[in-house]
2 protein chains.
Amino acid sequence: MARIPDPKRTLTLRDVSEASGVSEMTVSRVLRSRGDVSDTTRERVLDAARKLGYVPNKIAGALASQRVNLVGVIIPSLSNMVFPEVLTGISETLEDTGLQPVVGVTNYSPEREEAVLYEMLSWRPSGVIIAGLEHSDASQAMLANAGIPIVEIMDIDGTPVDSAVGISHRRAGLEMAAAIIAAGYRRIGFLGTMMPHDHRARKRLDGFEEGLAKAGLTLADREFYSGGSALLKGREMTAAILSRTPDLDFLYYSNDMIGAGGLLYCLDKGIDIPNKLGLAGFNGVELLDGLPRRLATMDACRYEIGRIAAEIVAGKHREGVIGGEVVELTPTLEPGDTIRRA
Amino acid sequence: MARIPDPKRTLTLRDVSEASGVSEMTVSRVLRSRGDVSDTTRERVLDAARKLGYVPNKIAGALASQRVNLVGVIIPSLSNMVFPEVLTGISETLEDTGLQPVVGVTNYSPEREEAVLYEMLSWRPSGVIIAGLEHSDASQAMLANAGIPIVEIMDIDGTPVDSAVGISHRRAGLEMAAAIIAAGYRRIGFLGTMMPHDHRARKRLDGFEEGLAKAGLTLADREFYSGGSALLKGREMTAAILSRTPDLDFLYYSNDMIGAGGLLYCLDKGIDIPNKLGLAGFNGVELLDGLPRRLATMDACRYEIGRIAAEIVAGKHREGVIGGEVVELTPTLEPGDTIRRA
DNA sequence: GCCAGAACTGTTAGCGGTAACATAGCCATT
DNA sequence: AATGGCTATGTTACCGCTAACAGTTCTGGC
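First things first, this report covers the structure right here in the doc. (Residues numbered from 1 in each chain as written. Chains lettered and ligands numbered in written order. Predicted model: local features only at pLDDT ≥ 70, side-chain atom pairs only at ≥ 80, totals over all residues. Heavy atoms only, no water.)

Another aspect to go through is the overall build of chain A. From N to C terminus, chain A includes twelve helices and twelve strands. On C-alpha atoms alone, chain A measures out to a radius of gyration of 26 Å, which is more than a quarter above the 20 Å that the 2.2 N^0.38 rule sets for 342 residues. C-alpha atoms of chain A, sized along the principal axes, occupy 85 × 40 × 35 Å. Within chain A, the proportion of its 342 residues that are buried is 54%. Counting only contacts in chain A whose residues sit at least 6 apart along the sequence, the fraction spanning at least 24 positions is 66%. With the model as given, the accessible surface of chain A reaches about 15000 Å², and the carbon-plus-sulfur share is 51%. Computed over 38 positive and 45 negative side-chain charges, the inter-centroid distance for chain A is 3 Å. (Helix = DSSP H or I, 4+ residues; strand = E, 2+ residues; numbered from the N terminus. Rg over C-alpha atoms; globule rule 2.2 N^0.38 Å. Buried < 20%, exposed > 50% of the residue type's maximum accessible area, 1.4 Å probe, protein only. Contact = heavy atoms within 4.5 Å. Areas by Shrake-Rupley, 256 points an atom, 1.4 Å probe, with all protein chains shown as cover. Lys, Arg positive; Asp, Glu negative; His and termini not counted. Charge placed at Lys NZ, Arg CZ, Asp CG, Glu CD.)

As a further point, take the relation of the copies chain A and chain B. Superposing chain A onto chain B requires a rotation of 180° together with a translation of 0.0 Å along the rotation axis, leaving an RMSD of 0.1 Å. Here the copies are linked by what is in effect a two-fold axis. In terms of proximity to the rotation axis, the leading residue of chain A is Ile59(A), whose C-alpha is 2.8 Å off the axis. Most of the interface of chain A is mirrored in chain B, where 100% of its interface residues are also at the interface. (Least-squares fit on C-alpha atoms with pLDDT ≥ 70 in both.)

A few words now on the nonpolar core. Generally speaking, a soluble globular protein has its nonpolar side chains buried in company with each other. In terms of nonpolar packing, the biggest core is built from 101 residues, with Ile129(A), Ile153(A), Val165(A), Phe208(A), Ile129(B), Ile153(B) and Phe208(B) touching the most fellow members. Apart from residues lying up to four places away in sequence, Ile129(A) is in contact with Val71(A), Gly72(A), Val73(A), Ile74(A), Ile90(A), Val151(A), Ile153(A), Ala309(A), Ala310(A) and Val313(A). One finds Tyr253(A), Ile271(A), Val285(A) and Ile258(B) within the second-largest nonpolar core, a separate group that totals 51 residues. (Core = buried A, V, L, I, M, F, W, Y, C linked by side-chain atoms within 4.5 Å.)

Evaluation of the coordinates by the stated rule reveals one cavity of 30 Å³ or more. Estimated volume of the largest cavity: approximately 50 Å³. In terms of residue class, the lining of the largest cavity is built from nine nonpolar, no polar and no charged. (1 Å grid on protein atoms, 1.4 Å probe; cavity = no way out; pocket = protein on both sides within 12 Å on 5 of 7 lines; lining within 4 Å. Points joined across faces, edges and corners; volume = space filled by probe spheres on them. Nonpolar A, V, L, I, M, F, W, Y, C, P; charged D, E, K, R; others polar.)

This part takes up the environment of Leu231(A). Of note, Leu231(A) is situated in helix H10 (residues 230–244). With relative accessibility at 4%, the residue Leu231(A) sits in the buried group. Between the C-alpha atom of Leu231(A) and that of Asp256(A), which follows or precedes it by 25 residues, the distance is 9.0 Å. If we ignore the near neighbours within four places in the chain, the residues touching Leu231(A) are Met257(A), Ala260(A), Gly261(A), Leu264(A), Leu287(B), Gly290(B) and Leu291(B).

Our focus in this paragraph is the protein's contact with DNA strand D. Taken together, 24 residues lie near DNA strand D, and Ser23(A), Thr41(A), Leu13(B), Ser28(B) and Tyr54(B) sit nearest. Across the atoms of DNA strand D situated within 4 Å of the protein, the share located in sugar and phosphate is 68%. One of the side-chain nitrogen or oxygen atoms of Thr41(A) is found 2.6 Å away from a phosphate oxygen of DNA strand D. A distance of 3.1 Å separates a phosphate oxygen of DNA strand D from a polar side-chain atom of Arg32(B). Looking at the surface near DNA strand D, the elements with two or more residues in it are helix H2 (24–32) and helix H4 (58–65) of chain A together with helix H2 (24–32) and helix H4 (58–65) of chain B. Here the element with the most residues in the surface near DNA strand D is H4(B); it accounts for four residues. Considering only residue class, the surface near DNA strand D consists of ten nonpolar, ten polar and four charged. (Near = heavy atom within 4 Å. Polar contact = N/O pair within 3.5 Å; in protein donor to acceptor, adjacent residues only side chain to side chain.)

With that settled, the discussion passes to the interface of chain A and chain B. At the junction of the two partners, chain A supplies 42 residues and chain B supplies 42 residues. Overall, the association of chain A and chain B removes approximately 4100 Å² of surface from exposure, summing both partners, and the carbon and sulfur fraction of that is 65%. Broken down residue by residue, the surface that chain A buries against chain B is led by Ile59(A), Trp123(A) and Arg124(A), which jointly contribute 17%. Joining chain A to chain B, the criterion identifies four salt bridges. Where Glu119(B) meets Lys58(A), a salt bridge forms, and the shortest distance between an N and an O atom there is 2.8 Å. Summed over the shared surface of chain A and chain B, the number is twelve residue pairs in polar contact (both at pLDDT 80 or more). At the level of elements, H4, helix H5 (82–94), strand E2 (100–105), helix H6 (110–121), H10 and helix H11 (256–268) of chain A are the ones that each hand at least two residues to the side of chain A that touches chain B. It is H4(A) that provides the largest number of residues to the side of chain A that touches chain B, a total of five residues. Class assignment for the residues of the side of chain A that touches chain B results in 25 nonpolar, eight polar and nine charged. (Buried area = accessible area lost by both parts, 1.4 Å probe. Salt bridge = Lys/Arg side-chain N within 4 Å of Asp/Glu carboxyl O.)

Shown next as structure tokens:
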């Protein structure tokens, strides 16, 4: 009596319905635990479904119910530790909402972002979480007209389409400058990425220079890179900037990875850290814990950003709020061992 | 005459059809570039679509056409550099096939894997790429009955459901043992993760011990960890194993990250690497380039694995093959500076 | 001028589910 | 016995789009 499923055709509700002798609607109800179904029927249906190896077709379900349990998450990169942690926050929070994150990566390209966003919206997700506030006009329009919750994350220096959760990178740069100056450093160099579309890094640098200006200082030198192993690049850039401008007494790196490379380089060369030369990075990556000295950094509240963004999309945050909301998180300076203590 | 789209209702083909004065079918043809449409009509339709900000509904499209341009990719983790590189290989290869990867993460949990797989299959993807050969019975059954190309990646020590692309981790361990013994080391310790479900790490260790046994040796000591910053754990474990068994002359780490931590620790302590103590890791992560010394490692062909897996799913690989195929890649030993040279 | 065939556009019938609304059976009330 | 209110199940009409087929007009060849 046991029916071996035909391997050629994929199963539908009808197959389960026939195998269990009830209507498709009842099967649907059982599989979604919705509505009243008698225990005996439920058992029979579940049995049949299991036996056949039935997997519901969410495409049909979504079309019929006009509900999709997907949340689009659009980020620039996966390779730099920072976004995986945001994703963790999102996933954990979404876990018990029935929502499912779907990730798209843009590689810091506005065109890719537009394409990824278009593709995602064409699946009619319940919400979108997207990194940054800067998007192409077309992307901006799509976000505004999507008719679903949109949360722009990481950054709040700008005008969000709907909601935003993040930190002020301008302010992060500003505060780092203040801390460095307070510690007595004066000849300060900057080392960063050469990515025209990394707006957050740019804003940090802007804020940093503004902070220096307040004290009547300007950047003594700067060095940019693109591509390659960040740790190695950190070494090379540090060597380059120090040979060009030997009297620098502080190096501000746009991220922890190149900062770590710089730190290793300086230790190799026997440079007196933090007395002769101070160092700082940005992000607070876990990696730093294993370094010979703790690099000064500022954490970007990545996990928290993911958590709150997911809450907003899931409608769990501030029930009352109608329109978009902006949540500003405040990063804390972790002085580590590479800035002179007051 | 310009119609502002009603922000409450989402647009359908019918809206574009009405705005451009042609049938829905013609609009559909224009937007998919399928079939013959006159230039003037095409222009009018595209214009209307753009003006309205229409985004096609792939849910409806997929249901009607029974075609979904999605490939499910199931991996255990995003946080350890190794899978992002596989994803890069997959994405780049899929780019010009019209297929789109959708990533699911299992955190090395078979239950999560089962849930993620079920969820993915319910969207009826065109194929599935999944890490590892070990799955729960239910997952195994789902994969076997899905009726789509399945590619199991990273590992080939076992029996694939359909196709497989990867390296032999057993052999990787075996060869590393041979190289270490050939370099004259005899008191060998192992440091690894305490993850019962990381089958590939286990197979490497099995192979490694087998290699030692061939030379009449056994592991002199071993140390396991779980959770936390891998770099820091590498330091701590190294300190622990060396204080417990001070006469070790080689440490084999199950991954590069803890290996790097160990290397930094040894350099801190002024231990003579590679003469008094040799070190080796596994994976060939880019990170290592920036370390003071290059850690010996074995690359896992991650990018290549992603590329080939994607080709198989896309049907671009070995046109003639009917059933599943197994592609074995061979990792190469990179001796770096932490193994004595012959 | 007629016809085959291409080029273009429209019509119809689903794809596999679910919302919304029947319907049927059963029990406790009145 | 009739009424009402459950619970348990079935029926019908779509969701938004596309495959398949059915026109219709436009070509060019003879």
